[in-house]
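Structural overview for review
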Amino acid sequence: MTSLYLGIVIMLAIAAAFVGLTILTTMIVGPGRYNRAKYDSYECGIEPTPQPIGGGRFPVKYYITAMLFIVFDIEIVFLYPWAVTFDQLGLFALVEMVLFIVTVFLAYVYVLRRGGLDWD
């Protein structure tokens, strides 16, 4: 029974050793100079401002960008099952997928023209 898991244990040990060695090498070889900009917080190109204790209001463009990412990401996920069974589905599935991709492309063009991807 233990011989079944020996390969997994060895692989985990090698991975842990690699991670440890990489971190140690970075600490030894890398420059240790302090740089204020390096340790400053970064907020998507916007200069960080002090926030109230309870948080604060985020601009709506953050949420719109997140929703657009989710929508286009989920639509791309629909391509994987189609690609796996492409040979079995035939011409009908090809036409349906072309219509689907055209719909996604039109939505992308609409968002692009409306300025949904601009960070002004």
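Residue positions are given per chain, counted from 1 along the sequence in the order it is written. The predicted origin of the model limits local features to residues at a pLDDT of at least 70 and limits the giving and counting of side-chain atom pairs to 80 or more, whereas totals for whole chains, interfaces and linings rest on all residues. Processing note: side-chain calculations cover all non-hydrogen atoms of the structure and skip hydrogens and water entirely.

Overview of the overall build of the protein chain
- Across its full length, the protein chain carries 6 helices and 0 strands.
- The order of α-helices and β-strands along the protein chain, N terminus first, is α-α-α-α-α-α.
- Each residue is placed in one exposure class: buried if its accessible area under a 1.4 Å probe, protein chains only, is under 20% of its type's maximum, exposed if it is over 50%, and partly exposed if it falls in between. For the protein chain, buried positions account for 7% of its 120 residues. Secondary structure follows DSSP: runs of H or I at least 4 residues long count as helices, runs of E at least 2 residues long count as strands, and numbering of each begins at the N terminus.

Regarding the confidence of the model for the protein chain
- Known as pLDDT, the predictor's per-residue confidence is scaled from 0 to 100. Scored by pLDDT, the protein chain comes out at a mean of 81, with 82% of its residues at no less than 70.
- Ranking the elements of the protein chain by mean pLDDT puts helix H2 (residues 36–39) last with 70 and helix H1 (residues 2–29) first with 93.

A look at the UniProt feature "transmembrane region" (unreviewed entry) in the protein chain
- UniProt positions are given in the numbering used here, feature names are shortened, and annotations may be inferred rather than shown by experiment. Under the present numbering, the feature "transmembrane region" (unreviewed entry) in UniProt falls on residues 6–29, 62–83 and 89–111.
- Taken as a whole, residues 62–83 contains 95% helix and 0% strand, while its terminal C-alpha atoms sit 32 Å from one another.
- When the span residues 89–111 is considered, its composition is 96% helix and 0% strand, and the gap between its end C-alpha atoms is 32 Å.

Thoughts on helix H3 (residues 60–77)
- Each helix should span, by expectation, one fewer than its residue count multiplied by 1.5 Å. Along its 18 residues, H3 runs 26 Å from first to last C-alpha, staying within 8% of the 26 Å computed at 1.5 Å per residue.
- Residues of H3 that are buried: Tyr-62, Leu-68, Phe-72 and Glu-75. Buried residues of H3, seen end-on, are gathered within an arc of 170° and therefore sit on one face of the element.
- Contacts were defined at the residue level, with two residues in contact if any of their heavy atoms lie within 4.5 Å. Tucked into the core, H3 has its buried residues touching helix H4 (79–84) and helix H6 (91–114). Directions are taken from the helix axis to each C-beta atom, and the arc is the one they span.

As for the side chain of Glu-75
- Checked against the element boundaries, Glu-75 lands in helix H3.
- Note on charges: Lys and Arg go in the positive column, Asp and Glu in the negative column, and His and the chain ends are not counted at all. By salt bridge we mean one thing: a side-chain nitrogen of Lys or Arg within 4 Å of a carboxyl oxygen of Asp or Glu. Buried Glu-75, no salt bridge; nearest opposite-charge side chain is Arg-114, N-O distance 17 Å.
- If we ignore the near neighbours within four places in the chain, the residues touching Glu-75 are Phe-100 and Val-104.

A closer look at the packing of aromatic side chains
- Ring pairs shown here join Phe, Tyr and Trp side chains whose ring centres sit within 6.5 Å, with only the six-membered ring taken for Trp; geometry is labelled stacked below 30 degrees between planes, edge-to-face above 60, and tilted in between. The full count for this structure, using the stated rule, is 2 aromatic pairs.
- A centroid spacing of 6.0 Å and a plane angle of 80° characterise the contact between Phe-72 and Tyr-108, whose relative ring orientation is edge-to-face. Of this pair, Phe-72 sits in helix H3 while Tyr-108 sits in helix H6, and the two are 36 residues apart along the sequence.
- Here Phe-78 and Phe-100 contribute two aromatic rings whose centre-to-centre distance is 6.1 Å and whose plane-to-plane angle is 90°, an arrangement assigned as edge-to-face.

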